[in-house]
Amino acid sequence: MRPASDRHRARLLSTVRHLPIFVDVAGAPTLVVGGGVVAARKVARLRWVGAIVTVIAPAAEPQVNEQAAQGGIRLVDREFQPSDVAGMRVVIAATGDRAVNLEVARAAREAGILVNVVDDAELSGFILPAIVDRSPLVVAISSSGVAPMLATAVRAQLEIFLDHSWGQLARFAQKWRPIIRRSRAGVAGRRKFYEWLLEGPVARAVRAGQTKQANRLIVKALAEPAALPRGFVSLVGAGPGDPGLLTLHALRALQRADVILADKLVGPEIRALARREAEFIDVGKSPGGQGESQARIHELLVLHARRGRQVVRLKGGDPLIFGRGGEEAQCLVQHGIAFEIVPGISAANACAAYAGIPLTHRDHAQTLHLVTAHCARSVDRIDWAGLAHRGQTLAVYMGVATAALVRDRLLAAHVPAATPAAIIENGTLPHQRVVITDLGKLADAVGEHAIESPALLIIGEVATLGRELAWFGTIPGDGFRKTA
């Protein structure tokens, strides 16, 4: 009986036939047999990596003829002959005729040349993978030829998560590689340094276009080999609630977080997207003012960052729109802690969209004002007279408890009581509710429908469009609307 290791190797060999490799064909002669659309795509890929391409086909598509006319490729207008493979680095058969493809594959194999037959893994000596190009970083995906569309689907996912900044980072690391090798003699030391370089403040500086700062960080780290500071804070906007509105940058921050300081308005669906090992700390405030003080939030941000942790401050909406993200960023600057700001889709933008209400409209509103009215003191700080002009939209954050004050201040500023108004509760979520009323009835509508936070008030002519443009649920007329 064969040893277990041999049996395991045999199982692997039965499922994995292709060794993933990258072949250097820059400046090398390559051959494509066929002149159709598929062949044109293979020609483009070979030229992308700098190969010298010969195409043999009795008839060719216009894009192939055009490349030949421009001198980009050599086009031979005839049928394939076995001697055509001589001297080639790689050969690709893309004729659509299996008999011809078989002849090409046989000639290449006999000459010891790598050959690919399009959509025929059995005849192929190598497979062209689906590619994510973040040059010089290149990711190749293969299904061993059994399910090409699966490889394409995986590529689509990777295209989302591997943004183009990875190419910038790869070029930056390439520049520093010789110096890092000289200063870090052992493999373990180099690995630790690269982990810091690729995941820490250097990578963030490169992605932010701050190359000089990235260079300074590396110089400092190489001069102090024992210290590789990694503490970092991401001020992240989680959007209004629908997890589908979370940005890719926000998702990446959640995936690398060690600790997350989250507002109460961030729902469980978004929290579930974070790294499983991340520690969650609830620091949000309720409408009554209960919860962690802002000073305590600052303390926690500094404390965890100084412990070398990746910290995410997770806020509903956008961190810089009534989210006190500016204060937190100032605190981090004062304590010398590196940070980034990841914008989120604001509540006004998203909730209005889900209610079918455009915040600006050529016929109804040329300006937009965002105000917060979570308490009487904040209400009294607003220039209501400046908001009394026609052709404006007023979006009021945290205005449920003070709806009567908002109404009274606007009426006192001579805004007509018949001005349309909308109340959006739990905007973008499955249990969203929308009430369309007018300014004079605003406070009564809040009480009548038992509206609770979080809710957004929209006051202005555009509010009436919520009836016409409703798409998220149904609305029979004035008053309560809920999603289907």
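Here is what the cut-offs are and how they apply
Residues numbered from 1 in each chain as written. Predicted model: local features only at pLDDT ≥ 70, side-chain atom pairs only at ≥ 80, totals over all residues. Heavy atoms only, no water. Core = buried A, V, L, I, M, F, W, Y, C linked by side-chain atoms within 4.5 Å. Buried < 20%, exposed > 50% of the residue type's maximum accessible area, 1.4 Å probe, protein only. Helix = DSSP H or I, 4+ residues; strand = E, 2+ residues; numbered from the N terminus. Contact = heavy atoms within 4.5 Å. Phe/Tyr/Trp six-rings, centres within 6.5 Å; stacked < 30°, edge-to-face > 60°. Lys NZ or Arg CZ within 6 Å of the ring centre and 35° of its normal. Pairing = 2+ DSSP bridges. Axes fitted to C-alpha atoms, helices over the stretch in contact; angles between N-to-C directions. Right-handed = clockwise from strand over helix to strand, strands pointing away. Salt bridge = Lys/Arg side-chain N within 4 Å of Asp/Glu carboxyl O.

So, on to the nonpolar core. Core analysis: the largest hydrophobic core is formed by 26 residues, its most contacted members being W384, L394, V396, L410, I423, L442 and I459. Among the secondary structure elements, those contributing two or more residues to this core are β14 (392-397), α16 (403-412), β15 (420-425), α17 (442-448) and β17 (455-459). In this structure L442 touches A403, A421, I423, T437, L457 and I459, once residues within four positions along its chain are discounted.

This brings us to the packing of aromatic side chains. One pass over the structure, following the stated rule, counts four aromatic pairs. Here R204 stacks its cationic end above the ring of F232, 3.5 Å away from the centre of that ring. For R207, the ring lying beneath its charged end belongs to W166, and the centroid distance is 4.5 Å.

Residue placement: R407 occurs in helix α16. Beyond its immediate sequence surroundings of up to four residues, R407 is in contact with L439, G440 and A443.

The subject of this paragraph is helix α14 (residues 347-354). For α14, the buried fraction is high: six of the eight residues fall into the buried class. Looking at α14, one finds that the buried residues are A347, A348, A350, C351, A352 and Y354. In this structure, the buried residues of α14 make contact with β13 (367-372), β14, β15 and β17. Among the residues trailing α14, G356 stands out with phi positive, at a value near 75°.

Another point: the sheet that holds strand β5 (residues 114-117). Ordered by their spatial adjacency, five strands build an open sheet running β3-β2-β1-β4-β5, and the pairing between neighbours is parallel. Looking at which strands have only one partner, the edges of the open sheet turn out to be β3 (74-76) and β5. Averaged over all adjacent pairs, the angle separating strand axes in this sheet is 20°, with direction ignored. Here strand β2 (residues 52-56) pairs with β3 via three bridges, running parallel. Across the sheet, I56 pairs through a bridge with V76, a residue of β3. Contacting β1 (29-33), β4 (90-93) and β5, helix α4 (residues 98-110) crosses the sheet at an angle of about 165° to β5.

This brings us to the pairing of β5. With four bridges joining them, β4 and β5 adopt parallel strand pairing. Bridging from a neighbouring strand, A93 pairs with V117 of β5. The β-α-β motif built from β4, the intervening α4 and the parallel element β5 has right-handed crossover chirality.

As enumerated under the stated definition, the model contains 17 salt bridges in all. Here R296 ties to E299 by a salt bridge, and the two come within 3.1 Å at their closest N and O atoms. Here R296 and its partner E299 are both found in helix α12 (residues 294-306), three residues apart, which amounts to about one turn of the helix. Look at R296 and you get partly exposed, because its relative accessible area is 34%. Residue E299 is classed as partly exposed on the basis of its relative accessible area of 47%. Two residues, R313 and E328, come together in a salt bridge whose shortest N-O distance is 3.1 Å.

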